[in-house]
Amino acid sequence: MTSTLKKRLRKYLVMGSQNCKSNPVNTLESAIAGGITAFQYREKGENALTGDAKLHLGKQLRETCHRHNVLFIVNDDIDLVRPLDADGIHVGQDDKSVQEIRKSFPDKIIGLSVSNTREVTNSPINMVDYLGAGPIFSTNTKADAKTPVGVEWVKTLRKEFPNLPIVGIGGINTQNATSVIQSGADGVAIISAITQALNITEVVNDLKF
Ligand code: 3NM
């Protein structure tokens, strides 16, 4: 299960309509054509959809992932997990607790963001399926992103958790992605380097690992 999940988190597109230059379903399809293995529906921040529109787009994206056997994870929004039949949920430090989520969803994949040792110490790591490590590099995509932690943070987490799937996030692009993998991450999670690309399929294809 762990090695399968590691493989499935290898090339992880994170996105909501607010990140897209054109139709989000087309954006996702182009990324799938390039070889992404996982997708996180993150409809959040300025210009993000809400309510029925958010649910409707989520259903379209979920269906697209389903057709191509791409893992479908929702960000934060626990109320979307069942209606979208998500494979899992990704939460940050300020979201609903992992303990509560695990109680509601015993069989779903749970991902948790950790940016420093204190967050690791305060988190029930044994209850999560993978860790999001970041922001690795500086990013303009997330308004409240913390100070970049560098690939050193991936190395630290890998040493402490030799078997747990780890995904780097924040400022990752085709130039620096390999350094994140070489530092011990199983996958890279990317928003802007994919969604803002002129040729999305080509950019994903250029992730050579
Ligand atoms: N989470 P981009 S950084 C959604 O550090 C998100 O936990 C982060 O976008 C974290 O690939 C981030 O465009 C934004 O830098 C990633």
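Because the structure is predicted, anything quoted here is derived from the model rather than measured.

The next point concerns the overall build of the protein chain. Looking only at helices and strands, the protein chain features nine helices and eight strands. Dimensions along the principal axes, computed over C-alpha positions, put the protein chain at roughly 40 × 40 × 35 Å. Burial statistics for the protein chain: of 209 residues in total, 43% are counted as buried. Contacts in the protein chain between residues at least 24 apart in sequence constitute 60% of all its contacts with a sequence separation of at least 6.

This paragraph deals with the UniProt feature "domain: Thiamine phosphate synthase/TenI" (unreviewed entry) in the protein chain. In the numbering used here, UniProt assigns the "domain: Thiamine phosphate synthase/TenI" (unreviewed entry) feature to residues 12-194. Here residues 12-194 runs as 33% helix and 19% strand, with 10 Å between its end C-alpha atoms.

Turning to the site of the ligand, a few remarks are in order. In the vicinity of the ligand lie 17 residues, with Gly134, Thr139, Thr141, Ile191 and Ser192 positioned nearest. Classifying every residue of the shell around the ligand by side-chain character gives eight nonpolar, eight polar and one charged.

Moving on, we come to the environment of glycine 34. Of note, glycine 34 is situated in helix α2 (residues 24-34). The class of glycine 34 is buried, set by 20 C-beta atoms lying within 10 Å. In the structure, glycine 34 is positioned 95 residues away from aspartate 129 in sequence and 26 Å away in space, judged by C-alpha atoms. Here glycine 34 is in contact with Ile200, Thr201, Glu202, Val203, Val204 and Asn205, once residues within four sequence places are set aside.

Taken over all residues, the pLDDT of the protein chain has a mean of 96, while the share at 70 or more is 100%. In the model output, the complex is listed with pTM 0.97 alongside ipTM 0.99.

Burial along strand β7 (residues 166-169) is two-sided: Ile166 and Gly168 facing one way and Val167 and Ile169 facing the other are all buried. Bridge count between strand β6 (residues 130-133) and β7: three bridges; the pairing is parallel. Considered in β7, the bridge of alanine 133 is made with glycine 168. Note that the unit made of β6, helix α6 (residues 150-160) and β7 has a crossover that is right-handed. By the bridge criterion, three bridges tie β7 to strand β8 (residues 187-190) in an arrangement that is parallel. Within β8, the residue paired with valine 167 across the bridge is glycine 187. Running through helix α7 (residues 177-182), the crossover from β7 to the neighbouring parallel element β8 is right-handed.

Conventions adopted
Residues numbered from 1 in each chain as written. Predicted model: local features only at pLDDT ≥ 70, side-chain atom pairs only at ≥ 80, totals over all residues. Helix = DSSP H or I, 4+ residues; strand = E, 2+ residues; numbered from the N terminus. Buried ≥ 20, exposed ≤ 12 C-beta atoms within 10 Å, placed from the backbone. Contact = placed C-beta atoms within 7 Å. UniProt positions renumbered as here; feature names shortened; annotations may be inferred. Near = placed C-beta within 6 Å. Nonpolar A, V, L, I, M, F, W, Y, C, P; charged D, E, K, R; others polar. pLDDT = per-residue confidence, 0-100. Pairing = 2+ DSSP bridges. Right-handed = clockwise from strand over helix to strand, strands pointing away.

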